Amino acid sequence: MDADQETPVDARMRDAVTATMLAILPGLLDYDGPLTPHSRLQDELGLSSSLVLELLLGIEETHAIQIDLEVLDEDKVVTVADLAEYIAGHYEQL
């Protein structure tokens, strides 16, 4: 699929992935503030690239999916909700 094309988003998967991220993130972060879908991954939570990878692996494991990262535009994935939206449109069930 062309990177410029819109990818259909599975709303149930988006919601499930959001919940999974909000459950996994406290174990990865040294952050005491509230975690919401609007939490900013890098600016607010300080998520490094290695922690993002750990988060993605946890999501893949939890949901038995493989996430396609080839067309991920890191500049457009700012919040927890943004990443959940991306994943819900770019995964394959295993």
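Look up: the structure comes first, before these words.
As the structure is a prediction and not an experimental result, all values here were calculated from the model.

Q: Help me out: how do you make sense of helix α1 (residues 11-28) in this one?
A: Side chains of residues three or four places apart in an α-helix project in the same direction, reflecting 3.6 residues per turn. The end-to-end C-alpha separation of α1 is 25 Å, in line with the 26 Å expected for 18 residues at 1.5 Å each. Among all positions in α1, only Met13, Val17, Thr18, Thr20, Met21, Leu25 and Leu28 are buried. Among the structural elements, α2 (49-63), β1 (65-67), α3 (80-89) and β2 (91-93) are those in contact with the buried residues of α1. N-cap assignment for α1: the residue whose side-chain oxygen lies 3.1 Å from the backbone N of Arg12 is Asp10.

Q: How do you make sense of unusual backbone geometry when you look at a structure like this?
A: Trans peptide bonds make up the majority, and among non-glycine residues the majority have a negative phi. Even without glycine at this site, Ala64 takes up a positive phi of about 50°. Take Ala64: it is sitting in the loop between α2 and β1. By relative accessible area, Ala64 is classed as partly exposed at 35%.

Q: What is the right way to read the environment of Tyr91 from this model?
A: Relative to the elements of secondary structure, Tyr91 occurs in strand β2. Of note is the side chain of Tyr91, whose polar atom sits 2.9 Å from the side chain of Asp10.

Q: Explanation requested: the environment of Gly89 in the structure shown.
A: Here Gly89 lies in helix α3. On the accessibility criterion, Gly89 (13% relative accessible area) is buried. Along the sequence, Gly89 and Ala11 sit 78 residues apart, while their C-alpha atoms lie 9.0 Å from each other. Beyond its immediate sequence surroundings of up to four residues, Gly89 is in contact with Thr7, Pro8 and Val9.

Cut-offs applied
Residues numbered from 1 in each chain as written. Predicted model: local features only at pLDDT ≥ 70, side-chain atom pairs only at ≥ 80, totals over all residues. Heavy atoms only, no water. Helix = DSSP H or I, 4+ residues; strand = E, 2+ residues; numbered from the N terminus. Expected span 1.5 Å × (residues − 1). Buried < 20%, exposed > 50% of the residue type's maximum accessible area, 1.4 Å probe, protein only. Contact = heavy atoms within 4.5 Å. Polar contact = N/O pair within 3.5 Å; in protein donor to acceptor, adjacent residues only side chain to side chain.

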